[in-house]
Amino acid sequence: MSVWHVTGGRRLEGSVTVQGAKNAALPIMAASVLAPCETELLNVPLLKDVDTTVRILRGLGCAVSRDGDAMTIDSRGLSRAEIPHSLMRELRSSVIFLGALLARCGEARLSMPGGCELGPRPIDLHLSALRALGASIEESGGDLVCRAEKLKGAQIAFPMPSVGATENAMLAACAAEGETVIMNAAREPEIEELQLFLRQLGADVSGAGTPTVTVRGFTSAKRVGHRIMPDRIVASTLLCAAASAGGDVELRGAEPRHFSTVLHSLSECGCDIIERRLSVRLRSGGNLRAPRPVITGPYPAFPTDAQPLMLAACLRAAGTSVFVENVFQNRFRFTEELCRLGARIHTEGRVAVVTGVPALYGAPTVATDLRGGAALIIAGLSAEGRTDILDEGHVSRGYELFDERLRELGAEVMRED
Ligand code: UD1
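The name given to the protein in an unreviewed UniProt entry is UDP-N-acetylglucosamine 1-carboxyvinyltransferase, and the organism recorded there is Candidatus Scatomorpha intestinavium. Looking at the Pathway (unreviewed entry) heading of the UniProt record, one finds this comment for the protein: "Cell wall biogenesis; peptidoglycan biosynthesis." On record in UniProt, under Subcellular location (unreviewed entry), the comment for the protein is "Cytoplasm".

Laid out in structure tokens, this is it:
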């Protein structure tokens, strides 16, 4: 349990480096067990979810060592294909091990990940993709046992794009005989990143970033090296904070084309944005106006993970800001906490309407989830007085040394454990 103390009213100024992407690192770490080899990763963020994935890898029999942002995974000693319930509960995205273990061992045992703070999180699309590749799946009492003596290439047409299901299908398809075509695949940059990694591992994969991904098996490499891409949601968080508090911030090592929808909305709010390859700079007087409606959806639409951040940035924006959440059913819980600071937010189903207020006032609040917690920090930075955020560890699941990073930009933020 930690408490964030955020004192608002300071402009954010300066330059910071964006951490490696959590949502790229986790599936790549899972992919490292596909074949017996040594994987060297760079720019791995220091996060709770990464720590949990390391524990999963070690539990499977892999040797993992870390030195700062570098990580080596030796999966040659993998001896088990089972993930205990205690670790599954901690990390929903550990379901990506399903495809990787099935490919490596012909078997995977884990428990159903269940719902989360954002509402129900079904994995039916993951399971139907694995079944299409020839896996048999038994579900009983929340446990999943997947088996396949031999995986066979197949045509998989998803009814909707799912990031995790696309990743699981890609991983399992690597070990399948023949060609697999994944249609209506998710197009997120993290899928392209997984393709890059799989190619290094020796996989014949193409099409990531488009709706059709094709996998034609692989011949395993002995050793691979890969640098994790920058985190587009962390970059969006820092920019939303500077936009609403006011400031002049440069993000080094960011990839602006990965979050162009967020940059577009911020510039509609009146921010001045300069994009370069691998950096972006934002200048804001802190006096924003409401952007056009922000409508989340699968990439390349506005990312659902950035919705709470953008909403927090718009609390004092002149006019009415509208947010439509199309990805997760229950992603406005954090708005009740924002209202404690004096924000005016009305939610109805998938829509939230924010009426800009002249000022926010610091108050005690509770982080409801990872991005909801980050939204409270953004709001606290532009509020008068001090905001305390009680956090059960949500924010550190996705942000590396976030208090330090914000202090580098001149913010008054303390984290107490
Ligand atoms: C990933 C990201 C998460 C992000 C989300 C959407 C990781 C580790 N996490 O999560 O941060 O918020 O993408 O961009 O990369 N769905 C089904 N059945 C399934 C799978 C998904 O109905 O079998 C639904 C989900 O309930 C949700 C939608 O599809 O409504 C999108 O989910 P999905 O893209 O799968 O998200 P994740 O991969 O879980």
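Caption draft 1: Spotlight on the overall build of the protein. For the protein, the helix and strand inventory stands at 13 helices and 23 strands. Computed over C-alpha atoms, the radius of gyration of the protein comes to 21 Å, within 12% of the 22 Å expected from 2.2 N^0.38 for 417 residues, which places it in the range of a compact globule. Overall, the C-alpha framework of the protein stretches about 65 × 40 × 40 Å when taken along its three principal axes. Carbon and sulfur atoms provide 48% of the accessible area of the protein, an area that totals close to 16100 Å².

Caption draft 2: Inspection of the site of the ligand at higher detail. What surrounds the ligand is a group of 19 residues, the closest being Leu 125, Ser 162, Gly 164, Asp 305 and Val 327. Between a nitrogen atom of the ligand and a side-chain N or O atom of Asp 124, the distance comes to 2.7 Å. In the model, an oxygen atom of the ligand is placed 2.7 Å from a nitrogen or oxygen of the Gly 164 main chain. Listing elements by their share of the shell around the ligand, those giving two or more residues are helix H5 (124-132) and helix H6 (163-174).

Caption draft 3: Region of interest: the pattern of salt bridges. Going through the model one piece at a time under the given rule, you end up with 29 salt bridges. Among the salt bridges present, the one from Glu 38 reaches Arg 76, with a minimum N-O distance of 3.8 Å. Taken as a pair, Glu 38 in strand E3 (residues 38-42) and Arg 76 in the loop between strand E5 (70-74) and helix H3 (85-90) lie far apart in primary sequence, 38 residues in all. Judged by relative accessible area, Arg 76 falls into the exposed class, the value being 51%.

Caption draft 4: Highlighting helix H1 (residues 22-31). Of all ten residues in H1, nine are buried, a share of seventy percent or more. Among all positions in H1, only Lys 22, Ala 24, Ala 25, Leu 26, Pro 27, Ile 28, Met 29, Ala 30 and Ala 31 are buried.

Caption draft 5: Examining the nonpolar core more closely. Core analysis: the biggest nonpolar cluster contains 77 residues, and Met 71, Ile 83, Phe 97, Leu 98 and Leu 198 have the highest contact counts within it. For Phe 97, the contacting residues outside a window of four places in its chain are Ala 30, Val 33, Thr 53, Ile 56, Leu 57, Leu 60, Ile 83 and Leu 102. Formed by 68 residues, the second largest nonpolar core is a distinct cluster that contains Val 262, Leu 311, Ala 383 and Val 413.

Basis of the calculations
- Residues numbered from 1 in each chain as written.
- Predicted model: local features only at pLDDT ≥ 70, side-chain atom pairs only at ≥ 80, totals over all residues.
- Heavy atoms only, no water.
- UniProt positions renumbered as here; feature names shortened; annotations may be inferred.
- Helix = DSSP H or I, 4+ residues; strand = E, 2+ residues; numbered from the N terminus.
- Rg over C-alpha atoms; globule rule 2.2 N^0.38 Å.
- Areas by Shrake-Rupley, 256 points an atom, 1.4 Å probe, with all protein chains shown as cover.
- Near = heavy atom within 4 Å.
- Polar contact = N/O pair within 3.5 Å; in protein donor to acceptor, adjacent residues only side chain to side chain.
- Salt bridge = Lys/Arg side-chain N within 4 Å of Asp/Glu carboxyl O.
- Buried < 20%, exposed > 50% of the residue type's maximum accessible area, 1.4 Å probe, protein only.
- Core = buried A, V, L, I, M, F, W, Y, C linked by side-chain atoms within 4.5 Å.
- Contact = heavy atoms within 4.5 Å.

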